Amino acid sequence: MSVLSVTELSFGFASPQLLEGVSLSIEQGERVGLLGRNGAGKSTLLRLIAGELKPEAGSIRTAGGTRIAYLTQDVPAGLGGTVAERVADGLGPNLESWERLRRVERTLEEMQLDGGQSFDTLSAGRKRRVLLARAIVAEPELLLLDEPTNHLDIDSIVWLQDWLLGYRGTLLFITHDREFLQALATRIVELDRGRTFDFATDYGTFLRQRDDLLDAEAKQEAAFDKKLAQEEVWLRQGVKARRKRNEGRVRALKAMRVERQSRRAALGTARLSAQEAERSGRRVVKAVDVSFSYGGCPIVRNFSAEISRGDRIGLIGPNGAGKTTLLRILLGDLAPGSGTVTLGTQLAVATFDQLLGGLDRTKRVWECVADGLEKLEIDGKTRHVLSYLQDFLFPPERSRLGVDVLSGGERHRLLLARLFARPSNVLVLDEPTNDLDTETLDLLEELLVDYPGTVLLVSHDRAFLNNVVTSTFVFEGEGRVKEYVGGYDDYIRQRPRELPVPTPARPAAPPPAATPAGPRKLSNNERRELESLPARIEQLEARQRELHEEMAGPAWYRQGAEALGAAQAELDRLSGDLKDSYLRWEALEFGPGGA
């Protein structure tokens with residue numbers, strides 16, 4: 001059953017339009033990842049579906065009675081009160097007070113939130129969890145999520161990922177987190193040049209299929225352009241040709257000209273390069289027995305490390321653990337409470353601030369890159385700032401706009417342009433991946449891997465950490481910070497078993513280190529159970545779909561309270577049985593550690 005149907009949707013006052021004839025249909029229970037370059041219109045499409053914007057043309061239809069909830073990319077300003085009050089905002093005014101209380105309490109328990117806490121005092125990550133609770137408290141059939149992992153630490157991302165895997169509604173979400181996308185999406189829809197391209201597959205397969213599609217499109221356009229050039233030559237052959245020419249052929253040529261003129265070229269690829277300062281000394285930072293406390297609470301305790309030129313260090317830990325504080329201590333911006341920090345020689349540090357502190361939103365884009373100067377010195381050559389910004393996918397007309405009109409991803413790209421315009425041999429990056437599209441993420445990874453200097457990196461993006469860093473400093477609680485060789489997955493394999501594991505809504509698989517060398521041999525009963533599980537899962541899902549379709553009918557809520565309660569209880573039981581069946585299938589099929 002189709003939960004959402006978007007037909008020939010157009011939106012945007014400029015030419016070409018941001019969305020141009022977009023069509024999309026989403027079935028019950030699907031988890032659809034919405035991808036596209038920064039500024040392609042992904043957030044706009046979600047806002048149109050949520051009803052916050054009105055389309056200029058086309059239609060948006062949902063199944064009768066479908067409840068939609070929308071989690072925005074940013075935390076709205078001016079929200080106060082308690083957590084319970086903010087969660088209750090997601091309920092309509094017509095519910096009885098006892099029903100409101102029941103739903104809020106159940107949601108708070110499910111989302112592991114304290115309803116009595118003040119919303120203002122929460123971290124950005126906890127505020128995002130409260131807003132997600134507000135979105136789901138009304139039990140929506142369609143959940144729209146715009147960058148739900150922003151500001152979340154890794155444990156919270158793992159928790160959210162696992163919770164959404166158990167969510168029984170339909171999901172349409174935007175994310176830059178590739179691990180999150182790979183784990184969740186059952187289908188990928190890419191927004192490109194105002195149109196949607198549909199891929200009924202997971203993220204990894206989508207990347208291969210998308211590359212094949214772009215190659216085929218490039219060949220088709222090259223063949224079209226060749227034929228157009230030949231027809232233009234024919235038309236200009238002179239008097240002899242004009243006497244012989246076919247009027248139908250002339251009309252076809254004119255149509256080809258119109259088609260070529262209306263073609264929207266694919267957005268180019270950013271060209272990221274960091275200016276190199278004079279090489280630093282071999283030793284960049286040496287810390288010996290460093291400790292630091294705040295308000296009597298230990299942030300770092302007896303930490304020692306030596307960072308050498310060329311190291312790429314990732315800092316991992318919960319929000320508020322002290323990652324930024326440790327960076328400031330290592331760079332000499334903050335004195336430790338005890339211990340010593342020795343900086344190397346000839347350090348030229350460039351810093352990326354996740355809060356976009358380097359951007360003045362009252363200025364135009366080009367003014368932010370070179371502090372108002374029109375010329376830059378890039379790798380010993382003078383370049384105009386507008387030319388330099390084109391490397392970061394800002395055409396001249398966009399470079400003259402105010403910073404405040406840019407999307408979140410464009411602002412992060414602008415901050416990267418500002419960062420790389422300055423010579424450096426030490427890069428300090430605090431959450432650089434937020435809101436960046438996947439193509440720019442790939443390029444940033446390549447740049448950091450090839451960067452000859454030293455990189456200190458705070459990130460909650462597991463794939464980014466795996467692909468970039470050579471070692472990690474991990475905050476393990478009570479001020480303990482330990483170094484592990486490799487990226488995030490390497491840390492998971494190496495960490496002691498007694499360390500706390502993320503606590504998602506369903507049991508997490510053991511870390512890879514606990515996985516036996518080979519698969520365990522199944523007993524005869526287990527083999528028979530494994531063979532029967534796919535059919536059982538199919539039956540459970542079929543009954544779940546049947547119930548959802550019945551509930552979508554106009555006559556459903558005319559039944560008595562007893563029948564409605566029994567149906568809801570059956571849905572809850574089906575959801576639990578499905579979750580248990582999938583977990584059991586994974587355990588039998590793949591053994592401990594899962595797939």
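One can find the structure itself at the top, above this paragraph.
Notes on the structure in this doc start here. (Residues numbered from 1 in each chain as written. Predicted model: local features only at pLDDT ≥ 70, side-chain atom pairs only at ≥ 80, totals over all residues. Heavy atoms only, no water.)

Time to look at the environment of Asp577. With respect to the secondary-structure elements, Asp577 resides in helix H19 (residues 561–590). The sequence separation of Asp577 and Ile537 amounts to 40 residues, and the corresponding C-alpha distance is 8.6 Å. Ignoring any residue separated from it by four or fewer positions in sequence, one finds Asp577 in contact with Arg536 and Leu540. (Helix = DSSP H or I, 4+ residues; strand = E, 2+ residues; numbered from the N terminus. Contact = heavy atoms within 4.5 Å.)

The three strands are arranged S2-S1-S4 in an open sheet whose pairing can be described as antiparallel. Here the strands that pair on one side only, and so sit at the sheet edges, are strand S2 (19–27) and strand S4 (57–62). Each strand of the sheet is rotated relative to its neighbour by a mean of 5 degrees, with strand direction disregarded. The pairing of strand S1 (residues 2–11) with S4 spans five bridges and is classified as antiparallel. The partner of Val6 across the bridge, within S4, is Ile60. Its contacts with the sheet put helix H1 (residues 42–50) on S1, S2 and S4, and the angle it makes with S1 is roughly 120 degrees. (Pairing = 2+ DSSP bridges. Axes fitted to C-alpha atoms, helices over the stretch in contact; angles between N-to-C directions.)

The next thing to look at is the nonpolar core. In terms of nonpolar packing, the biggest core is built from 47 residues, with Tyr388, Leu389, Leu414, Phe420 and Leu448 touching the most fellow members. Ignoring any residue separated from it by four or fewer positions in sequence, one finds Leu414 in contact with Leu359, Val365, Cys368, Val369, Leu389, Phe394, Val403 and Leu406. Listed in part, the 42 residues of the second largest apolar core include Leu35, Val83, Leu131 and Leu160. (Core = buried A, V, L, I, M, F, W, Y, C linked by side-chain atoms within 4.5 Å. Buried < 20%, exposed > 50% of the residue type's maximum accessible area, 1.4 Å probe, protein only.)

Before going further, it helps to examine the packing of aromatic side chains. Applying the stated rule across the entire model yields eight aromatic pairs. Judged by centre distance (5.1 Å) and plane angle (65 degrees), the rings of Tyr484 and Tyr491 are edge-to-face. As far as the burial class goes, Tyr484 and Tyr491 line up, both buried. Between Arg129 and the ring centre of Trp159, over which it is positioned, the NZ or CZ distance is 4.0 Å. The ring of Phe394 carries the charged tip of Arg413 above its face, separated from the ring centre by 5.0 Å. (Phe/Tyr/Trp six-rings, centres within 6.5 Å; stacked < 30°, edge-to-face > 60°. Lys NZ or Arg CZ within 6 Å of the ring centre and 35° of its normal.)

The six strands are arranged S14-S17-S18-S12-S19-S20 in an open sheet whose pairing can be described as mixed. Both outer strands of the open sheet, strand S14 (349–352) and strand S20 (481–485), are each paired with one neighbouring strand and no more. Neighbour-to-neighbour, the strand axes of this sheet turn through a mean angle of 15 degrees, independent of strand direction. With respect to the sheet, helix H14 (residues 408–420) is in contact with S14 and strand S17 (426–430), its orientation differing from that of S14 by roughly 175 degrees.

Of the two faces of strand S15 (residues 375–378), only the one carrying Leu376 and Ile378 is buried; Lys375 and Glu377 on the other face are not. Of the strand pairs in this sheet, S15 and strand S16 (residues 381–384) are connected by four bridges, and their pairing is antiparallel. Of the residues in S16, the one forming a bridge with Leu376 is Arg383. In this antiparallel pair of consecutive strands, S15 and S16, the connection spans two residues, and Asp379 shows a positive phi of 50 degrees.

Counting through the fold element by element, Ser424 comes out in the loop between H14 and S17. Look at Ser424 and you get buried, because its relative accessible area is 3%. Side-chain polar atoms of Ser424 contact the side chain of Tyr451, separated by 2.8 Å. (Polar contact = N/O pair within 3.5 Å; in protein donor to acceptor, adjacent residues only side chain to side chain.)

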